[in-house]
Amino acid sequence: MSARAARVALVVVAAVALSGCAQIGYLWQSTGGHLKLLNAAKPVDEVLAEPGLAPALRERLELSQRLRDYAVTALHLPDNASYRRYADLGRSAAVWNVVAAPELSLQLKTWCFPVVGCVGYRGYYAQADAQVEADELKAQGLETMVYGVPAYSTLGKIPGRFFADPLLNTFVTSYSEIELARLIFHELSHQVAYASGDTTFNESFATAVERIGSARWLAEQPAAQQERIRTQSAQADARRDDFRRLTMALRQDLDAMYRSPIGDDEKRRRKAELIERARAEHAALKAGAWGGFAGYDGWFAGINNARIGVLAAYNAQVGDFERLFERQGRDWPRFYAEVQRLAALPAAERTAALARP
């Protein structure tokens, strides 16, 4: 670890310890894990100059830089050092997040940190550590989920190239072209606007930018490239849309039921019925339109409130942000300015204003 990185680690440790938001053990793994990730990164230009660089990695790194430029020139996203370096972490995820929710509620448990506020997840740089946390929460009666995260944003809060978010092996070569575009646009969006403690607002905003921005990028590519990408992604996109519709409908039904005045035993019975209905609908899709695709099997096998709650955070307000983009004349700077204004409002006012037709 460099001397500069060590100094930053001490500053972060002091800030969080004084805030009382995390135990020292968690803090050290978080700070140390992030600094190791940053230390592993090298400028993309240096990586591209390496002899013997795998062709697939070279192609994707070159694409990533074109996407990064497009994010600035067309989408008016921040022009900084983010995603101008690359790191191979030697693992399948950047971090593993733990999420948890009560048995009869979709309200995610939250953890509080400096800068980002309170969020509905806790990240670990080792999967085993995340599972230990999940097991402890489960012993307290909560429903839990551990999932790998390919990338995360530091919100652009720390200046300097060393601290900028890097490209990672966890997504650069494994993601399709359109998926890579979506991820870069999504993560950069978190640097534009961020409402402290409002995960649904933040993630739905970034998802809306990801969808609108990637659709625009694709529409501007040569016709042959557009056709190839659309053909490659058509099935996956259709399955993703089906999955969203199914799971969001399940979320709405469960949330309404949990909020109803019926007793807990009846809620448990109806919860089981709704989950089994969702599993049956998934099985029908898998046997029919999906042609046997098994990629969502694990999710449906382990359905619980934590899984449903975290999905809602990424999708619940996307439609509201898309309508806001239209109301702002599809003008990116105007759209971002309005989102920033909303992010500064109290939570209830923010949600009401965003939901306006």
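How each quantity is defined
Residues numbered from 1 in each chain as written. Predicted model: local features only at pLDDT ≥ 70, side-chain atom pairs only at ≥ 80, totals over all residues. Heavy atoms only, no water. Buried < 20%, exposed > 50% of the residue type's maximum accessible area, 1.4 Å probe, protein only. Helix = DSSP H or I, 4+ residues; strand = E, 2+ residues; numbered from the N terminus. Pairing = 2+ DSSP bridges. Axes fitted to C-alpha atoms, helices over the stretch in contact; angles between N-to-C directions. Parallel < 35°, antiparallel > 145°, perpendicular 65-115°, else oblique. Left-handed = near helix turned anticlockwise from the far one by under 90°. Contact = heavy atoms within 4.5 Å. Core = buried A, V, L, I, M, F, W, Y, C linked by side-chain atoms within 4.5 Å. 1 Å grid on protein atoms, 1.4 Å probe; cavity = no way out; pocket = protein on both sides within 12 Å on 5 of 7 lines; lining within 4 Å. Points joined across faces, edges and corners; volume = space filled by probe spheres on them. Nonpolar A, V, L, I, M, F, W, Y, C, P; charged D, E, K, R; others polar.

The name recorded for the protein in an unreviewed UniProt entry is Putative zinc protease protein, from Leptothrix cholodnii.

S.K.: Now, about the pairing of strand β3 (residues 95-101): what can you tell me, with residues and values included?
M.R.: Within a regular beta strand, the side chains point alternately toward one face of the sheet and then the other, so they alternate between its two faces. When you tally the buried positions in β3, you get seven out of seven residues, the bulk of the element. Neither face of β3 is left uncovered, since the one carrying Val95, Asn97, Val99 and Ala101 and the one carrying Trp96, Val98 and Ala100 both have all their residues buried. One ladder, built from seven bridges, connects β3 with strand β7 (residues 143-149); its direction is antiparallel. Counterpart to Trp96 in the pairing with β7 is Gly148. Here β3 runs beside strand β6 (residues 122-124); their pairing, made up of three bridges, is antiparallel.

S.K.: Please set out the packing of helix α4 (residues 55-73) against helix α6 (residues 177-189) residue by residue, giving values where relevant.
M.R.: For the pair α4 and α6, the least separation of the axes is 10 Å and the interaxial angle reads 45 degrees. Considered as vectors, α4 and α6 are oriented oblique to each other. Considering the relative orientation of α4 and α6, their crossing is right-handed. Here Arg60, Leu63, Ser64, Leu67, Arg68, Tyr70 and Ala71 of α4 lie close against α6, whose contacting residues are Glu177, Leu180, Ala181, Ile184, Phe185 and Leu188.

S.K.: Can you break down the nonpolar core residue by residue, with the values?
M.R.: Grouped together as the largest cluster of nonpolar side chains are 68 residues, with contacts concentrated most on Phe185, Trp217 and Phe335. Once you skip the residues sitting within four places of it in the chain, Phe335 turns out to touch Phe205, Val209, Phe321, Leu324, Phe325 and Gln328. Membership of the second largest hydrophobic core comes to 18 residues, among which are Ala278, Trp290, Trp299 and Ile303.

S.K.: Kindly report on the side chain of Asn202, identifying the contributing residues and their values.
M.R.: Structurally, Asn202 can be placed in helix α7 (residues 199-219). With residues near it in sequence (within four places) discarded, Asn202 still touches His190, Ala193, Tyr194 and Ala195.

S.K.: Now, about empty space enclosed by the protein: what can you tell me, with residues and values included?
M.R.: Over the atoms, a rolling probe the size of a water molecule traces out where space has been left empty. In total, this model carries one cavity of 30 Å³ or more according to the counting rule given. In terms of lining residues, the largest cavity is bounded by His34, Leu37, Tyr83, Ala151, Tyr152, Asp165, Pro166 and Leu168. Partitioned by chemical class, the residues of the lining of the largest cavity number six nonpolar, one polar and one charged.

S.K.: Just give me the short version of the sheet that holds β3, but keep the residues and values in it.
M.R.: In space, the three strands of this open sheet follow the order β6-β3-β7, with antiparallel pairing throughout. With one partner strand each, in any of the chains shown, β6 and β7 form the two edges of the open sheet. Across the sheet, the axes of successive neighbouring strands diverge by a mean angle of 25 degrees, strand direction being ignored. Contacting β3, β6 and β7, helix α5 (residues 127-139) runs over the sheet at an angle of about 5 degrees to β3. The strands touched by helix α11 (residues 305-315) are β3 and β7; relative to β7, the strand with the most contacts, the crossing angle is about 50 degrees.

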